[in-house]
Amino acid sequence: MNGTYSAPSNPGQFAAQGREALKQRNTGLVTFTLLAIGIPWGIWTFVAEISGGGSDMVAFNAAAGWYVLLACVYLGLHGLEDMGWCSIPVIITLRSLLSFIVLPTWRFATGADQMDSVYVHAMVLILIAFVALWTGSLILMKRTRLNFVPRSGRSSVRVQLICCATFVVGLVTKFIMWRTGLLSYLSVPGVRESIAESMEWIVFLANLLWLSLAVSAIEVFGKRSASALMKIVLVLSIAFSCIFGLVSGMKQQLFQPLILLAAIFGITRRRIPRSALLLPVLLVVIYPFYNAYRENLLMGYRYESNTLSGLKTVVVKSFDDVISGNYAASGKHRSGFDSSVNRLTVLNDLHDLLSLPVPSLMNGDEKVWMAPVYPFIPRFLWENKPLLNKGQRFSIALGRPMTTSSSMTPVGDIYTIYGMWGVVLAPFLWGICLQFYMNRMTRGDLSERGLLVYLLLLVPLINIENDVASLVAAAVQAGAIAVVLSWLFYGSRPAKSRSARYSQPVANIGVS
């Protein structure tokens, strides 16, 4: 009958139509992105050329333009349908577009940064490295499809008990770190160094708080668990993770749990929560407080911040400094938006590295080929085990406080070690490894255990700021820990689930 809709009688036909619609939408999105970025970029390059903006600006725009073009081509070939945006190479590509292209362009356009030949050099290195990464990924690329299918519809007693235990251990360890002067920017000089051999284990126990958050979120969001205990653990894990993240002075410790929640919700419900779109706004709003808070801690407030009264004093003073404008009055400090943009612009860090008289002086005793071994040999067995603190050494070389760590970037680090051949070969091999990992993870439907492994490996694998040895060591260590902890929670169940018994039919992927 005219005007009526006839649903496909074959479910497979319906799924095929849905995939085709998503493919067309992604093709249109890639085309729109190319036009939206390419046309203004071309106009800007033309204006810079005719106005005598210098050959550096033109060369940078050419390299950046090719980067954007090839990134869009890669995303189009990879596809973003069926949760393809959760693929590790895709996330790295999207993050790099923000950190190496969008934000630096904004800073150049507003005059916050001035173009020079070092920026051109940095952009060329980034272009070469990511072309190699994308090539390695495309060689092994298969259809990436993260489909969460729980093996049971309720939370087992085992999961609930272990989740509660990890929450308690993580919370108690965080509290002890705060009270003893070991918590990030609240740490008292000399205290962390005095227990350097045990510090890795203390940090691991503290991170169990995030683990309880991840497991409880999988149970509540993914399995829609009716367990009141799991819901309580989830709420308390979110609350205390944010509190200690705020108190620590580390923005990552505040935002990582929130990003983790958004990722779990997005994968299990197959749609991005609208509240996740507020995270960039929160970053801009909270940045001035973090800057003032860190400044006050470095001025001496850290020595009294391990008590409630002392912590209240420094927090209130930091808010007062931001509100009254005392913190920005000196002119050394930027607005929240400017600070956020400057911090997220990783291209600046690569520029600073290449600007050093001898960048190779940052290289220490650590070896890239030994990086997978470092996490498994305790320091008491290897007294001269290299310290993976190249970021701290980089900060000192830049004249920054030794308590900070600057971003070497994998591209900059591999360039200082192996030169141009390293920039070509290392990202190529890394792209092959990442795509092989994603092919294994997406070969079947993800069970609870498989999703937990994916989440525990997500943060170290998408890092574009660490040096190479730290990046590889962190990824290997996270992989080993993920296997053990996922077994602890969910037993020897396979990470893949072939049953669709508890899966939810999905007609579309969007924002809710």
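Before reading further, recall that the structure is shown in the block above.
Residues numbered from 1 in each chain as written. Predicted model: local features only at pLDDT ≥ 70, side-chain atom pairs only at ≥ 80, totals over all residues. Heavy atoms only, no water.

Moving on, we come to the environment of Gly300. Here Gly300 is to be found in the loop between α11 (279-298) and α12 (308-324). Given the relative accessible area of 22%, Gly300 is considered partly exposed. For the pair formed by Gly300 and Val314, sequence separation is 14 residues and the distance between their alpha carbons is 9.9 Å. (Helix = DSSP H or I, 4+ residues; strand = E, 2+ residues; numbered from the N terminus. Buried < 20%, exposed > 50% of the residue type's maximum accessible area, 1.4 Å probe, protein only.)

Bringing helix α15 (residues 390-397) into the picture now. Looking at α15, one finds that the buried residues are Lys390, Gly391, Phe394 and Ser395. One face of α15 carries all of its buried residues, which in axial projection span an arc of 145 degrees. Looking at the packing, one finds that the buried side of α15 touches α14 (346-355) and α16 (410-441). The first or second residue beyond α15 is Gly399, which carries a positive phi of 85 degrees. (Arc of directions from axis to C-beta. Contact = heavy atoms within 4.5 Å.)

Further remarks concern the environment of Met441. Considering the arrangement of structural elements, one finds Met441 in helix α16. Met441 sits 12 residues away from Val453 along the chain, and the two C-alpha atoms are 9.3 Å apart.

For the rest of this paragraph, the subject is the packing of aromatic side chains. Scanning the entire structure with this criterion turns up 16 aromatic pairs. Summarising the aromatic geometry, the rings of Tyr374 and Trp382 are spaced 5.8 Å apart at their centres and angled 40 degrees between planes, so their arrangement reads as tilted. Tyr374 gets classed as buried once you look at its relative accessible area, which sits at 3%. Residue Trp382 is classed as partly exposed on the basis of its relative accessible area, which comes to 24%. Aromatic pair Phe489 and Tyr490: ring centres 6.4 Å apart, planes at 40 degrees, arrangement tilted. The exposure classification of Phe489 matches that of Tyr490, with both residues buried. Here the aromatic cluster, defined as three or more aromatic residues joined through ring pairs, consists of Tyr67, Tyr74, Phe100, Phe130 and Trp134. When the ring centre of Trp487 is taken as reference, the NZ or CZ atom of Arg158 above it lies at 5.8 Å. Here Lys251 stacks its cationic end above the ring of Tyr287, 4.6 Å away from the centre of that ring. (Phe/Tyr/Trp six-rings, centres within 6.5 Å; stacked < 30°, edge-to-face > 60°. Lys NZ or Arg CZ within 6 Å of the ring centre and 35° of its normal.)

In this section: the packing of helix α3 (residues 88-110) against helix α17 (residues 448-461). Where α3 contacts α17, the axes come no closer than 11 Å and their chain directions differ by 35 degrees. As α3 runs across α17, the sense of the crossing is right-handed. For the pair formed by α3 and α17, the contact residues are Ile88, Ile91 and Ile92 on the first element and Tyr454, Leu458 and Leu461 on the second. A breakdown of the residues in the contact of α3 with α17 according to their chemical character gives six nonpolar, no polar and no charged. (Axes fitted to C-alpha atoms, helices over the stretch in contact; angles between N-to-C directions. Left-handed = near helix turned anticlockwise from the far one by under 90°. Nonpolar A, V, L, I, M, F, W, Y, C, P; charged D, E, K, R; others polar.)

Let us now look at the pattern of salt bridges. Summed over the entire model, instances satisfying the criterion amount to eight salt bridges. Between Asp321 and Lys317 there is a salt bridge, with its nearest N and O atoms 3.0 Å apart. Placement of the pair is Asp321 and Lys317 together in helix α12, with a separation of four residues, close to one helical turn. The exposure class assigned to Asp321 is buried, which follows from its relative accessible area of 11%. Among the salt bridges present, the one from Glu366 reaches Arg393, with a minimum N-O distance of 3.0 Å. With Glu366 in the loop between α14 and α15 and Arg393 in helix α15, the pair connects residues that are 27 residues apart, well separated along the chain. Of the residues examined, Glu366 reaches a relative accessible area of 9% and is grouped as buried. Connected through salt bridges with shared partners, the residues Glu366, Lys390, Arg393 and Asp413 form a single ionic network. (Salt bridge = Lys/Arg side-chain N within 4 Å of Asp/Glu carboxyl O.)

Despite not being glycine, Ser184 shows a phi value in the positive range, around 45 degrees. Within the secondary structure layout, Ser184 lies in the loop between α5 (157-179) and α6 (191-194). Positive phi, normally seen in glycine, also occurs at Arg224, with a value near 55 degrees. The topology assignment puts Arg224 in the loop between α8 (208-222) and α9 (228-248).

So, on to the nonpolar core. Within the largest apolar cluster, 115 residues are counted, with the highest numbers of intra-cluster contacts made by Phe60, Tyr67, Ile88, Ile126, Tyr454 and Phe489. Per element, the largest residue contribution to this core is 11 residues, and it comes from helix α4 (residues 117-140). Within the second largest apolar cluster, five residues are counted, among which are Leu356, Met362, Phe394 and Met408. (Core = buried A, V, L, I, M, F, W, Y, C linked by side-chain atoms within 4.5 Å.)

Here we come to a nonpolar patch on the surface. Together, Trp66, Leu69, Val73, Leu77 and Leu138 give the surface a local cluster of nonpolar side chains, amounting to about 440 Å² of exposed area. A total of four residues in the nonpolar patch trace back to one element, the largest contributor, which is helix α2 (residues 55-78). Tracing the backbone through its elements, the reader meets Val73 in helix α2. A residue is classified by how much of its surface remains accessible, and Val73, at 38% relative accessible area, is partly exposed. (Patch = residues over 30% accessible without salt bridge, like charges linked within 9 Å, V, L, I, M, F, W, Y side chains within 5 Å. Areas by Shrake-Rupley, 256 points an atom, 1.4 Å probe, with all protein chains shown as cover.)

The next subject is the side chain of Asp413. Mapping Asp413 onto the fold places it in helix α16. Under the relative-accessibility criterion, Asp413 is labelled buried at 0%. Contacts of Asp413, omitting those with residues within four sequence positions, involve Leu353, Asn363, Lys390, Met408, Asp467, Val468 and Ala469.

Here Thr110 is to be found in helix α3. Among the polar contacts listed, one links the side chain of Thr110 to the backbone oxygen of Trp106, at a separation of 3.0 Å. (Polar contact = N/O pair within 3.5 Å; in protein donor to acceptor, adjacent residues only side chain to side chain.)

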